[in-house]
Amino acid sequence: MTIQNPKPKIEATIAILGAGAWGTALANLAAANGHQVGLWSRESSESLADVIAGADIILSAVSMKGVRPVVELIKPLALSSDTIIVTATKGLDPSTTCTPAQIWQAAFPSHPVVVLAGPNLSKEIEQGLPAATVVASTDAEAAKVVQARLNSTRFRVYTNSDPLGVELGGTLKNVIAISAGTCDGLQLGTNAKAALVTRGLAEIIRIGTHWGAKTDTFYGLSGLGDLLATCNSPLSRNYQVGYQLAQGKQLPEVLAALQGTAEGVNTTQVLIQLANQQGISVPISYQVYRLLQGEVTPQAAVDALMLRDVKPEIGSWRY
Ligand SMILES: NC(=O)c1ccc[n+]([C@@H]2O[C@H](COP(=O)([O-])OP(=O)(O)OC[C@H]3O[C@@H](n4cnc5c(N)ncnc54)[C@H](O)[C@@H]3O)[C@@H](O)[C@H]2O)c1
Ligand SMILES: O=P(O)(O)OC[C@H](O)CO
């Protein structure tokens, strides 16, 4: 499928992999900026080789479970040496615990890899509503190129030099969004939600900095920004999972009826595995894990959080 805008602003060829909700929204944003856009999915009639041939940018918006299969499909294909790889997936690989950017970088070590994440509910973006995002890379020039290609009057793009922090902000907030949906589903009120989101951010910072990301990054669009969007919108699939569990539905039933992917379900499993191995305290994520496992009811998860030992707040994201 080729999407072209009749009045090009900046000429580039962008191959987008994954034609789900996010890949399609990004393809439309890129096309509206005048780029030649190829959109590929595993259901496409066009070959992957044809879609990525000559691409200046390859942008992957497949869900986490598709990252490794797609990387393996691209490896034997010829990429131009200066092709920039952009990853917009928010998840962790269950078999290796790697982030999507780490998988892409290991497979294509000589190519710049850029992470794209922010408060970007695709349905709002498809409606033409204004939004902002972050493109982050250790290759500052590559991040600037992606910024220039995607920035527009309705999609404001910031650069950032902490790709791990940007990627983890977008990934870990999905776990907290499940808890926020549960909180709303139980009608626990605004105070409870504010406490949950604030302590959720402390938990994200504790994990993210332990893994090497910068604290400041989590206060930006890809951290706090995405956390606010996802914890407060019924458009979020992760929020919907928590909300519907709080209404008494079972997880398989919720996931079967969900449109698209709720990455937080798998992310929670990987996060708890790592947090247990590394001795990181993640009380909210742990209750989300128990809820998803069917080990605890939504109300019992709330009770477990409220019954924890009291502690000082200042600096408490460190322990
Ligand atoms: N939808 C949003 O609002 C949004 C916004 C920002 C980021 N994201 C992230 O983008 C990613 C995709 O989200 P989405 O909403 O587009 O999901 P989706 O379920 O709508 O689409 C997922 C895409 O991944 C592809 N895919 C899955 N497994 C694959 C495999 N084994 N091989 C090849 N392709 C495979 C599917 O065919 C589909 O094209 C997720 O990580 C999500 O967290 C989504
Ligand atoms: O629908 P969700 O929960 O995957 O959220 C979509 C995006 O991550 C919001 O930025």
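Residues numbered from 1 in each chain as written. Chains lettered and ligands numbered in written order. Predicted model: local features only at pLDDT ≥ 70, side-chain atom pairs only at ≥ 80, totals over all residues. Heavy atoms only, no water.

- As recorded in an unreviewed UniProt entry, the protein chain goes by Glycerol-3-phosphate dehydrogenase [NAD(P)+] and comes from Microseira wollei NIES-4236.
- One UniProt comment on the protein chain, placed under Pathway (unreviewed entry), says "Membrane lipid metabolism; glycerophospholipid metabolism."
- Check the Subcellular location (unreviewed entry) section of the UniProt entry for the protein chain; it says "Cytoplasm". (UniProt positions renumbered as here; feature names shortened; annotations may be inferred.)

### Some points on the site of ligand 2
Part 1 of the reasoning: In the vicinity of ligand 2, the contacting residues are Lys90, Gly118, Pro119, Asn120, Leu121, Lys173, Asp226, Thr230, Leu235, Ser236, Arg237 and Asn238.
Part 2 of the reasoning: Here an oxygen atom of ligand 2 sits 2.6 Å away from a polar atom, N or O, in the side chain of Asp226.
Part 3 of the reasoning: A distance of 2.6 Å separates an oxygen atom of ligand 2 from a polar atom in the side chain of Ser236.
Part 4 of the reasoning: A molecule is said to occupy a pocket when more than half its atoms come within 2 Å of that pocket's grid points, and by this definition ligand 2 occupies the largest pocket.
Part 5 of the reasoning: The set of elements that each furnish at least two residues to the shell around ligand 2 consists of α9 (221-232) and α10 (237-246).
Part 6 of the reasoning: A class-by-class count of the residues in the shell around ligand 2 yields three nonpolar, five polar and four charged. (Near = heavy atom within 4 Å. Polar contact = N/O pair within 3.5 Å; in protein donor to acceptor, adjacent residues only side chain to side chain. 1 Å grid on protein atoms, 1.4 Å probe; cavity = no way out; pocket = protein on both sides within 12 Å on 5 of 7 lines; lining within 4 Å. Sits in = over half its atoms within 2 Å of the grid points. Helix = DSSP H or I, 4+ residues; strand = E, 2+ residues; numbered from the N terminus. Nonpolar A, V, L, I, M, F, W, Y, C, P; charged D, E, K, R; others polar.)

### Describing helix α12 (residues 264-278)
Part 1 of the reasoning: For α12, which comprises 15 residues, the first-to-last C-alpha distance of 20 Å matches the rise-based estimate of 21 Å (1.5 Å per residue) to within 8%.
Part 2 of the reasoning: Looking at α12, one finds that the buried residues are Gly264, Val265, Thr267, Thr268, Val270, Leu271, Ile272, Leu274 and Ala275.
Part 3 of the reasoning: Residues of α12 that are buried make contact with α7 (163-185), α8 (190-210), α10, α11 (251-257) and α13 (283-293). (Expected span 1.5 Å × (residues − 1). Buried < 20%, exposed > 50% of the residue type's maximum accessible area, 1.4 Å probe, protein only. Contact = heavy atoms within 4.5 Å.)

### Comments concerning the pairing of strand β4 (residues 57-60)
Part 1 of the reasoning: Burial of the side chains of β4 extends over both faces: Ile57 and Leu59 are buried on one face and Ile58 and Ser60 on the other.
Part 2 of the reasoning: Here strand β2 (residues 13-17) pairs with β4 via four bridges, running parallel. Bridge pairing in β4 places Leu17 opposite Ser60.
Part 3 of the reasoning: Sheet topology note: the β4/strand β5 (residues 84-87) ladder contains four bridges and is parallel. Opposite Ile57, over in β5, you have Ile84 as the bridge partner. (Pairing = 2+ DSSP bridges.)

### So, the UniProt feature "binding site: substrate" (unreviewed entry) in the protein chain
Part 1 of the reasoning: If you check UniProt for "binding site: substrate" (unreviewed entry), the listed places come out as Lys90, Arg237 and Asn238 in our numbering. On the basis of their most widely separated C-alpha atoms, the annotated residues across 149 residues gather in one place, lying no more than 12.6 Å apart. From this annotated list, the subset lining the largest pocket comprises Lys90, Arg237 and Asn238.
Part 2 of the reasoning: Tracing the backbone through its elements, the reader meets Lys90 in the loop between β5 and α4 (100-107).
Part 3 of the reasoning: Residue classification places Lys90 among the buried residues on the basis of a relative accessible area of 16%.
Part 4 of the reasoning: Every residue in contact with Lys90, bar those within four places of it in the chain, is listed here: Ala117, Gly118, Gly170, Thr171, Lys173, Asn174, Asp226, Glu263 and Thr267.
Part 5 of the reasoning: A polar atom in the side chain of Lys90 sits 3.2 Å from the backbone oxygen of Gly118.
Part 6 of the reasoning: Relative to the helices and strands, Asn238 is located in helix α10.
Part 7 of the reasoning: Its relative accessible area of 5% is what places Asn238 among the buried residues.

### Details of the UniProt feature "domain: Glycerol-3-phosphate dehydrogenase NAD-dependent N-terminal" (unreviewed entry) in the protein chain
Part 1 of the reasoning: The residues that UniProt annotates with the feature "domain: Glycerol-3-phosphate dehydrogenase NAD-dependent N-terminal" (unreviewed entry) are residues 14-45 and 46-142.
Part 2 of the reasoning: The span residues 14-45 is 38% helical and 28% strand by assignment, and the distance between its end C-alpha atoms comes to 18 Å.

### Re the pairing of strand β3 (residues 36-40)
On a regular strand, each side chain points to the face opposite its neighbour's, so the side chains alternate between the two faces of the sheet.
Part 1 of the reasoning: Most of β3 sits out of view: four of its five residues are buried.
Part 2 of the reasoning: Of the strand pairs in this sheet, β2 and β3 are connected by five bridges, and their pairing is parallel. Looking at β3, one finds that Thr13 is bridged to Gln36.
Part 3 of the reasoning: Taken together, β2, helix α1 (residues 21-32) and β3 constitute a β-α-β crossover, and its handedness is right-handed. (Right-handed = clockwise from strand over helix to strand, strands pointing away.)

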